[in-house]
Amino acid sequence: MLNSSRIDVSAPLRELAALRRLPVGTCVDMAALAGDPEYAAVLAREFDMVVAENAFKPHSVWMGPREYDFSQTNRLAEFASRHHMTLRGHTLLWHQSVPKWLRTAPVAQIPGLVREYIHAIVGRYRGVITVWDVVNEALTDGEASGMRTESFWYKTLGPDYVRLAFTWAHEADPDVRLFYNDYEAEDMGAKSNAVFGLVKELKSLGVPIHGVGLQAHLINGWRASEDNRTNVRRIAGLGLEWQVTEADIRMQLEGNPPSDEQVEVQAAGYRDLMELCLTEPGCTGFVTWGFSDAHSWIPGFRKGWGAALPFDIHFRPKPAYLALSDALRGC
Ligand code: 9MR
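Since this is a predicted model, take the numbers as computed values, not measurements.

(A) Looking closely at the pairing of strand S1 (residues 24-28). The buried count for S1 comes to 5 of 5 residues, which makes it a mostly enclosed element. In the sheet, S1 pairs with strand S11 (residues 283-288) via 3 bridges, with the strands oriented parallel. Across the sheet, the residue bridging to Thr 26 is Thr 288, located in S11. Relative to strand S2 (residues 49-52), S1 runs parallel, the two being bridged by 4 bridges. Residue pairing in the sheet places Cys 27 in a bridge with Val 51 of S2.

(B) Just the site of the ligand, in detail. Taken together, 14 residues lie around the ligand, and Glu 53, Lys 57, His 90, Glu 137 and Glu 246 are the ones closest in. At 2.7 Å, a side-chain N or O of His 90 approaches an oxygen atom of the ligand. Between the ligand and Gln 215 there is a distance of 3.2 Å, counted from a nitrogen atom to a side-chain nitrogen or oxygen. Coverage of the ligand by the protein amounts to 83% of the 460 Å² it exposes when considered alone.

(C) Spotlight on the pattern of salt bridges. Counting across every chain of the model gives 18 salt bridges. In this structure, the salt-bridge partner of Asp 272 is Arg 223, at a minimum N-O distance of 3.0 Å. Of this pair, Asp 272 sits in helix H11 (residues 260-279) while Arg 223 sits in the loop between strand S9 (217-219) and helix H10 (226-237); the two residues are 49 residues apart in sequence, bridging distant segments of the chain. What makes Asp 272 buried here is its relative accessible area of 12%. The closest approach of N and O atoms between Asp 312 and Arg 316, which form a salt bridge, is 2.9 Å. Taking the relative accessible area as the measure of exposure, Arg 316 reaches 46% and is therefore partly exposed. Each of Glu 226, Arg 229, Arg 233 and Glu 280 takes part in one network of salt bridges that share partners.

Conventions we followed
Residues numbered from 1 in each chain as written. Predicted model: local features only at pLDDT ≥ 70, side-chain atom pairs only at ≥ 80, totals over all residues. Heavy atoms only, no water. Buried < 20%, exposed > 50% of the residue type's maximum accessible area, 1.4 Å probe, protein only. Helix = DSSP H or I, 4+ residues; strand = E, 2+ residues; numbered from the N terminus. Pairing = 2+ DSSP bridges. Near = heavy atom within 4 Å. Polar contact = N/O pair within 3.5 Å; in protein donor to acceptor, adjacent residues only side chain to side chain. Areas by Shrake-Rupley, 256 points an atom, 1.4 Å probe, with all protein chains shown as cover. Salt bridge = Lys/Arg side-chain N within 4 Å of Asp/Glu carboxyl O.

Shown next, in the form of structure tokens:
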């Protein structure tokens, strides 16, 4: 399928990206990092920024009141430091990551506990984590996109919880850059309007917010459009940064290997996404949600879909990798 002689890995993405002053990152599966030396080697070779796929989420760290398990987070921080990588923090408050024990805590205690937790984890990685996704996916899908009122955080901390979370994170580390992160907000539309409205309001209230994470979980065939440009320009127009935070481009496989055509179409999508970041104002990072098709959330969550990442299951670079590399080289 691949003509590997076309693919030049002599200049890893992180070297090319450094010349463009763009951090290039990926999420890390801690089990793969511990168990697969090839995974660790490709990760260290290609990327200069890492984010934990799951290890920094509250349900992984927050074991009880004032009880934190930093063993995995420390491992990732050590790996990042050893390989001269920066670390993104993902995430402080997400409706899908609520520690079980917290659900039965007295409601009156929850704001205090959350403030303590945010102080503990942000404080612990002060000066190490450069960007935090403070709040993840607070907004609903569909035409009437608005706050997820069913979220545990909304219900226990109140409608103002996004502002509170940013304020608490800033108290713990006044230098770390604080992001709001969401999916399907790359285009112009109801969801991205809601994201824009939320961050604009936070900015106008003087809340310490520095950027917007656009996850970019995309479907094969996606190409950048004028809408994407309009959308990121309006974010940058608020004086905010934006980053591509969870890029992958999934394709429908139904048990078959991807066709040559599918991987070429995918490469064009990756190239467009990187070019969007390189050519529009405000983009300060490009992160993929994994790098090898051997370790990706897609097949487990979207039956029949996969092959969403720039390396195949054997860690061989795909045309998508070459496309990212070409975009970074400006050719
Ligand atoms: O890829 C992650 C998967 O391994 C986890 O089981 C899941 C739930 O914690 O989260 C996935 O990552 C999500 C990310 O944290 C937020 N945006 C959507 C990502 C894919 O579902």
